[in-house]
Amino acid sequence: MQLVSVDIGGTHARFAIAEVEDGRVVSLGEPVTLKTAEHASLQTAWQHFASIHGTPLPKAAALSVASPITGDIIRLTNNPWVIRPSLIPERLGADVYTVINDFGAVGHAVAQLPADDFEHLCGPDTLLPAQGVTTVCGPGTGLGVAQVFKTADRYHVLATEGGHVDYAPLDGIEDALVKRLRRQFTRVSTERICSGPGIIAIYETLAELEGRAVPSRDDKTIWTEALDGTDSIALAALDRFCLSLGAVAGDLALAHGAKAVVIAGGLGLRIKDKLIRSGFDQRFVAKGRFQTLMAGIPVKLITHPQPGLFGAAAAFAQDHA
């Protein structure tokens, strides 16, 4: 069965034709990426994709959406689009559909992708567990969190809003970071720091601690300067980002009772080499009395280029097997 798989984030909407059979993804076509800011709604973006595709689209759809999936009005967290699932047949022409949270979709991708779509980061270099919980988290426009729970004969994906739990500072620099963010936000969540835009606050805090005046920069500029090494404070901010992400990933694993952790998201791929060489692993295991337990948890990075699209199709395959 063919379907249109869509991955809708804060900045981009990605489309592809997928084929599924017997509850699993058989193939995923070449993706088309559109900027959400350049389209008034999902419907107009869908029509644009249809014009690029050139032939009639399948009458089935799988939508991965960066928002909690509740009720018949879905408002995206970092995107002005509003999606009403009950209108999908009328607006998109898809008679059969699945709508899932974006990191719920990534959870389905983690459950179905082969081992060679994951790269080892730290902990035991073993396969993802055949049974039990795997925590999935990933920094991007926000911080997505999900759980994959496997039993002997099937799996379940639990989409969460774990990226919005309180951030826990672990040293003086992070105390200063949280203090700075509290000037703007009453409550500082992990997403304020462990996401793409979070690098701004880290960068400005480090500059302030050193007494250095720096020009205002957007997150894309800081990430570029950090990754190419042209700005020493940006590079230090990247190091601090990796430490914070390691601590948060470890907290989530403890809370979930996880046997493994997968880091996902496009930003995770961009900083892959830095994560491996940073203090991510030390912060991940530094959980006091549970340090030995944490050291036994494998942490991997998903390397598939489109886990949201693949996962949306996988969720559809499970729903309509």
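Structure's up top.
Presented here is a report on the structure given in the accompanying data block. Within each chain, residue numbers correspond to sequence positions counted from 1 in written order. Confidence filtering applies because this is a predicted model: local features only for residues at pLDDT of at least 70, side-chain atom pairs given and counted only at 80 or more, and all residues used for totals across whole chains, interfaces and linings. Side-chain numbers come from the whole structure's heavy atoms, not from hydrogens or water.

Describing the overall build of the protein chain
Then step 1. Going along the chain from the N terminus, every DSSP run of H or I of four or more residues is numbered as a helix, and every run of E of two or more is numbered as a strand. The secondary structure content of the protein chain amounts to 12 helices and 14 strands.
Then step 2. The C-alpha atoms of the protein chain give 20 Å as radius of gyration, which agrees with the globular expectation for 321 residues (20 Å, within 12%).
Then step 3. Throughout, exposure labels follow a simple rule: accessible area from a 1.4 Å probe, protein chains only, divided by the maximum for the residue type, with under 20% read as buried, over 50% as exposed, and the rest as partly exposed. Residues counted as buried form 52% of the 321 residues belonging to the protein chain.
Then step 4. Looking at the protein chain alone, contacts between residues at least 24 apart form 67% of all its contacts between residues at least 6 apart.
Then step 5. Placing the 28 positive and 34 negative side-chain charges of the protein chain at their respective mean positions leaves the two points 5 Å apart. Computation of the radius of gyration draws on C-alpha atoms alone. For the globule rule, the value is 2.2 Å times the number of residues to the power 0.38. By definition, residues are in contact when any of their heavy atoms lie within 4.5 Å. Positive charges come from Lys and Arg alone, negative charges from Asp and Glu alone, with His and the N- and C-terminal ends not counted. By convention, the charge on Lys lies at NZ, on Arg at CZ, on Asp at CG and on Glu at CD.

Here we look at the pattern of salt bridges
Then step 1. Salt bridges, as used here, are contacts in which a Lys or Arg side-chain nitrogen is within 4 Å of a carboxyl oxygen on Asp or Glu. Tallying each qualifying case throughout the model produces 16 salt bridges.
Then step 2. As a salt-bridge pair, Glu-119 and Lys-272 come within 3.4 Å of each other at their nearest N and O atoms. In this pair, Glu-119 is assigned in strand E9 (residues 118-122) and Lys-272 in helix H9 (residues 272-277), connecting sequence segments 153 residues apart.
Then step 3. Residue Glu-119 is classed as partly exposed on the basis of its relative accessible area, which comes to 26%.
Then step 4. For Arg-183, the salt bridge goes to Glu-208, with nearest N and O atoms at 3.4 Å. Within this pair, whereas Arg-183 is found in the loop between helix H4 (172-182) and helix H5 (198-209), its partner Glu-208 is found in helix H5, the two being separated by 25 residues in sequence.

Looking at unusual backbone geometry
Then step 1. Of note, Asp-22 is a non-glycine position whose phi angle comes to about 55 degrees, a positive value.
Then step 2. With respect to the helices, strands and loops of the structure, Asp-22 is situated in the loop between strand E2 (12-21) and strand E3 (24-28).
Then step 3. Note on Asp-22: relative accessible area 71%, which makes it exposed.

Details of the environment of Thr-126
Then step 1. You can see Thr-126 is positioned in the loop between E9 and strand E10 (132-139).
Then step 2. Exposure remark for Thr-126: the relative accessible area of 40% places this residue in the partly exposed category.
Then step 3. Sequence separation between Thr-126 and Val-299 is 173 residues, and the spatial gap between their C-alpha atoms is 9.3 Å.
Then step 4. Those residues in contact with Thr-126 that sit more than four places away from it in its chain are Pro-298 and Lys-300.

Digging into a nonpolar patch on the surface
Then step 1. Patches were defined on residues exceeding 30% relative accessible area and lacking a salt bridge, with like-charge contacts within 9 Å and nonpolar side-chain contacts (Val, Leu, Ile, Met, Phe, Trp, Tyr) within 5 Å. All accessibility values rest on the Shrake-Rupley procedure with a 1.4 Å probe; residue burial counts only the protein chains present in the view. Taken together, the side chains of Leu-254, Phe-290 and Leu-293 present a nonpolar region at the surface, about 260 Å² in accessible area.
Then step 2. As for its placement among the helices and strands, Leu-293 is situated in helix H11 (residues 291-295).

Side note on the nonpolar core
Then step 1. Core analysis: the biggest nonpolar cluster contains 47 residues, and Ile-193, Phe-241, Ile-263, Ile-271, Phe-280, Phe-284 and Val-299 have the highest contact counts within it.
Then step 2. In terms of residues, this core owes the most to one element, helix H7 (residues 232-256), which gives 11 residues.
Then step 3. Once you skip the residues sitting within four places of it in the chain, Val-299 turns out to touch Glu-119, His-120, Leu-121, Cys-122, Val-261, Ile-263, Phe-280 and Phe-284.
Then step 4. Listed in part, the 29 residues of the second largest apolar core include Val-136, Ala-146, Val-148 and Phe-310. Each nonpolar core is a collection of buried residues, namely Ala, Val, Leu, Ile, Met, Phe, Trp, Tyr and Cys, held together in the definition by side-chain atoms within 4.5 Å.

A short note on the state of the cysteines
Then step 1. In this description, the term disulfide denotes a pair of cysteine sulfurs within 2.5 Å. Per the counting criterion, the structure on display carries zero disulfides.
Then step 2. Between Cys-242, a free cysteine, and Cys-194, which holds the nearest cysteine sulfur, the sulfur-to-sulfur gap is 9.7 Å.
Then step 3. Given the relative accessible area of 0%, Cys-242 is considered buried.

As for the sheet that holds strand E12 (residues 155-160)
Then step 1. Note: two strands are recorded as paired if DSSP finds a minimum of 2 bridges between them. As summarised here, the arrangement of the six strands in space is E9-E14-E13-E10-E11-E12, forming an open sheet in which the pairing is mixed. Pairing within the sheet leaves two strands with one partner each, and these edge strands are E9 and E12. Ignoring which end each strand starts from, the neighbouring axes of this sheet average 25 degrees apart.
Then step 2. One ladder, built from four bridges, connects E10 with strand E13 (residues 260-263); its direction is parallel. Its bridge partner being in E13, Val-136 is matched across the sheet by Val-262.
Then step 3. Helix axes use the C-alpha atoms of the stretch in contact, all axes being lines fitted to C-alpha atoms, and the angles between their N-to-C directions lie in the range 0 to 180 degrees. With respect to the sheet, helix H3 (residues 102-112) is in contact with E9, E10, strand E11 (143-150), E12, E13 and strand E14 (299-302), its orientation differing from that of E11 by roughly 40 degrees.

Describing the packing of H5 against H7
Then step 1. One can describe the packing of H5 onto H7 by two numbers: an axis separation of 9 Å at closest approach and a directional angle of 120 degrees. Regarding the angle of H5 to H7, the classification is oblique. Here the hand of the crossing between H5 and H7 comes out right-handed. Within the contact between the two elements, H5 uses Ile-199, Ile-202, Tyr-203, Leu-206 and Ala-207 and H7 uses Ile-233, Ala-234, Ala-236, Ala-237, Leu-238, Arg-240 and Phe-241.
Then step 2. Here the contact of H5 with H7 is built from residues that sort into 11 nonpolar, no polar and one charged. Geometric relationships in this document are graded by angle, where less than 35 degrees denotes roughly parallel, more than 145 denotes roughly antiparallel, 65 to 115 denotes roughly perpendicular, and other angles denote oblique. Each crossing gets its hand from how the near helix is turned against the far one by less than a right angle, where anticlockwise is left-handed and clockwise is right-handed. Three residue categories are used. Nonpolar comprises Ala, Val, Leu, Ile, Met, Phe, Trp, Tyr, Cys and Pro, charged comprises Asp, Glu, Lys and Arg, and polar comprises the others, including Gly.

Overview of helix H6 (residues 219-228)
Then step 1. By the burial criterion, the buried members of H6 are Ile-222, Trp-223, Glu-225 and Ala-226. On an axial view of H6, the arc spanned by its buried residues comes to 165 degrees, and they lie on one face.
Then step 2. Residues of H6 that are buried sit in contact with H5, H7 and helix H8 (266-270).
Then step 3. Where H6 terminates, the next one or two residues include Gly-229, which has phi positive at roughly 75 degrees. To obtain the arc, one takes the directions from the helix axis to the C-beta atoms.

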